[in-house]
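# Fold and contact review
One-letter residues, chain by chain:
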Amino acid sequence: MAGGEQRGERPGGPARVALQKEIGLGSACAIIIGNIIGSGIFISPKGVLEHTGSVGLALIIWVLGGGVAALGSLCYAELGVTIPKSGGDYSYVTEIFGGLAGFLLLWSAVLIMYPTSLAVIALTFSNYVLQPVFPNCIPPYNASRILSMVCLRNYEELTPSKAFNFWMTPSVGHLALAFLQGSFAFSGWNFLNYVTEELVDPRRNLPRAIFISIPLVTFVYTFTNIAYFTAMSPQELLSSNAVAVTFGEKLLGYFSWVMPVSVALSTFGGINGYLFTSSRLCFSGAREGHLPSLLAMIHVKHCTPIPALLVCCLATLIIMLVGDTYTLINYVSFINYLCYGVTIIGLIVLRWKKPKIFRPIKVNLLIPVTYLAFWAFLLIFSIYSEPVVCGVGLIIILTGVPVFFLGVYWRNKPKCVNRLTESVTCWGQKLCFVVYPQDGVAEEDEAPAARSHLPASETSLRK
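So, here's what we can say about the structure. Please read all numbers here as calculations on a predicted model, not as lab measurements.

A few words on the overall build of the chain. Broken down by element type, the chain carries 21 helices and four strands. Burial analysis of the chain (463 residues in total) assigns 55% to the buried set.

All right, on to a nonpolar patch on the surface then. A surface patch of nonpolar side chains, about 880 Å² in accessible area, is lined by Leu 251, Leu 252, Tyr 254, Phe 255, Trp 257, Val 258, Val 261 and Leu 265. The dominant element in the nonpolar patch, judged by the number of residues it contributes, is helix α12 (residues 258–287), at three residues. Within the secondary structure layout, Leu 252 lies in the loop between α11 (243–251) and α12. Exposure remark for Leu 252: the relative accessible area of 35% places this residue in the partly exposed category.

Inspection of every chain in the model, using the stated rule, returns 13 aromatic pairs. What links up through ring pairs into an aromatic cluster is the set Phe 103, Trp 107, Phe 404, Phe 405 and Tyr 409.

A word on the nonpolar core. One finds Trp 189, Leu 192, Tyr 221, Tyr 228, Tyr 337 and Tyr 371 to be the most contacted residues of the largest nonpolar core, which totals 107 residues. Excluding residues within four positions of it along the chain, Leu 192 makes contact with Ala 28, Ile 31, Ile 32, Leu 199, Leu 206 and Ala 209.

Contact pair helix α3 (residues 55–82) / helix α4 (residues 89–97): the axes reach a minimum separation of 11 Å and the direction vectors enclose 70°. It follows that α3 is roughly perpendicular to α4 by the angle criterion. The crossing of α3 and α4 is left-handed. Contacts from Tyr 76, Leu 79 and Gly 80 in α3 reach Asp 89, Tyr 92 and Ile 96 in α4. Looking at the contact of α3 with α4 residue by residue, the class counts come to four nonpolar, one polar and one charged.

Along an α-helix, residues three or four apart share an orientation, since each turn contains 3.6 residues. Here helix α15 (residues 366–385) spans 29 Å end to end across 20 residues, near enough to the 28 Å set by a 1.5 Å rise per residue. Every buried residue of α15 is listed here: Ile 367, Pro 368, Tyr 371, Leu 372, Phe 374, Trp 375, Leu 378, Leu 379 and Ser 382. With its buried residues spanning 165° around the axis, α15 presents them on a single face. Set apart from the buried face of α15 by more than 90 degrees, the exposed residues are Leu 366, Ile 380 and Tyr 384.

Right, let's talk about the side chain of Thr 218 for a bit. Along the polypeptide, Thr 218 turns up in helix α9 (residues 202–231). For Thr 218, a relative accessible area of 14% corresponds to the buried category. Those residues in contact with Thr 218 that lie beyond four places of it in its chain are Val 63, Gly 66 and Phe 186.

The next point concerns unusual backbone geometry. Peptide bonds are mostly trans, and most non-glycine residues show a negative phi. Its identity is not glycine, yet Asp 201 carries a phi of approximately 50°, on the positive side. Inspection of the secondary structure assignment puts Asp 201 in the loop between α8 (172–186) and α9. You can call Asp 201 partly exposed: its relative accessible area is 34%. Phi angles above zero are rare outside glycine, and Phe 433 is one such case at about 60°. Tracing the sequence through the fold places Phe 433 in the loop between α18 (415–432) and β4 (434–435).

The next thing to look at is the pattern of salt bridges. Counted according to the given criterion, the structure contains three salt bridges. Residues Asp 201 and Arg 204 are paired through a salt bridge, measuring 4.0 Å at the closest nitrogen-oxygen approach. We classify Arg 204 as partly exposed; its relative accessible area is 44%. Among the ionic contacts, a cluster of salt bridges with common partners joins Glu 78, Arg 351 and Arg 359.

Conventions adopted
Residues numbered from 1 in each chain as written. Predicted model: local features only at pLDDT ≥ 70, side-chain atom pairs only at ≥ 80, totals over all residues. Heavy atoms only, no water. Helix = DSSP H or I, 4+ residues; strand = E, 2+ residues; numbered from the N terminus. Buried < 20%, exposed > 50% of the residue type's maximum accessible area, 1.4 Å probe, protein only. Patch = residues over 30% accessible without salt bridge, like charges linked within 9 Å, V, L, I, M, F, W, Y side chains within 5 Å. Areas by Shrake-Rupley, 256 points an atom, 1.4 Å probe, with all protein chains shown as cover. Salt bridge = Lys/Arg side-chain N within 4 Å of Asp/Glu carboxyl O. Phe/Tyr/Trp six-rings, centres within 6.5 Å; stacked < 30°, edge-to-face > 60°. Core = buried A, V, L, I, M, F, W, Y, C linked by side-chain atoms within 4.5 Å. Contact = heavy atoms within 4.5 Å. Axes fitted to C-alpha atoms, helices over the stretch in contact; angles between N-to-C directions. Parallel < 35°, antiparallel > 145°, perpendicular 65-115°, else oblique. Left-handed = near helix turned anticlockwise from the far one by under 90°. Nonpolar A, V, L, I, M, F, W, Y, C, P; charged D, E, K, R; others polar. Expected span 1.5 Å × (residues − 1). Arc of directions from axis to C-beta.

If you want it as structure tokens, here you go:
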């Protein structure tokens, strides 16, 4: 794993087991771009085109998706420098709305958002590796799942008359689902906020990395889709099981093998980035007392949160066996957008509750309001178009309520429960060779300022 996982040393003192501030501007941009451009651009074009019904409208959806991600990232930039703590959405929602709201976001992220995203990326990896072996059919189900687990010139379509030649009339619900498919490809724009404490000078580098990465990704995505439509007809794209492989066969001939290899490398890198950030979310949740304490421990030599990584991998393996790729995308996109909206509502609430708090970046209120207007449109029509998928997502989030009160809020548990918890924690420490991290530079410099924003009652609740 990259960045922030080496043993620190105190000047003239012994080695210190802690996460280090080693992520500079270049690495920060690489985290955002690498997490966004993982697998989405290789699978979402088919879903977007299927729901929009025309090439031109599909391209508009891609550009608008980048614009919406840019609005959201501006809001997250303000939150990230105002509350400079690792954990991203979870940390912001916890501090603004309290422990229950933060726990529900953490619960949905650990159960659905991250495992589903990792499952989709891993399945994309396996599909592209297996597609050359099964060129005329869908790769076998068992083969794609096993491989996923192991990896843990046609310009006419772009002319106006062709681009907006609808073979179906998209409803508002179809457009909402198209945005959900496209938004999956842009997911990851907020991931740098999960490792804020490992950033060098986060007040400067966090917004800079966002401002550099999001426009670049939007440019790449839009022109990648234009390239797809110049090489394939809409019908060919919709019938393709692996869009990039079909694109390579059309243009590269004997060198078409380059495309599946390139996609496999991209998705494999995306898995690494998702595991890097998702483990930090579990780590932050455990540190705040919302997850088992074992997940807040790191390896004594590599300083990697091994237990958190294992939990993320296990949840991904379970999700991978449920549902097809595009249903999984709808699940994760709906819950993602729900969490994004709640977090950005928190920005407005924080402006009202703490108007005098120091904000190195302060965006115009029109930006979060515009984002929330789009957010409400997307959620309402997504629920209308896919009530089962959205309903299941909401139910999964709400199942966290009893878990919060039993596991977090209830302090005076029976001694037998405490002994069992201690035994499991001790066993996990011996198995993974992990310990609690010592106080690091990030926590010494940044965390006190962030904790001072908490109400006294909330601080005592989470101790």
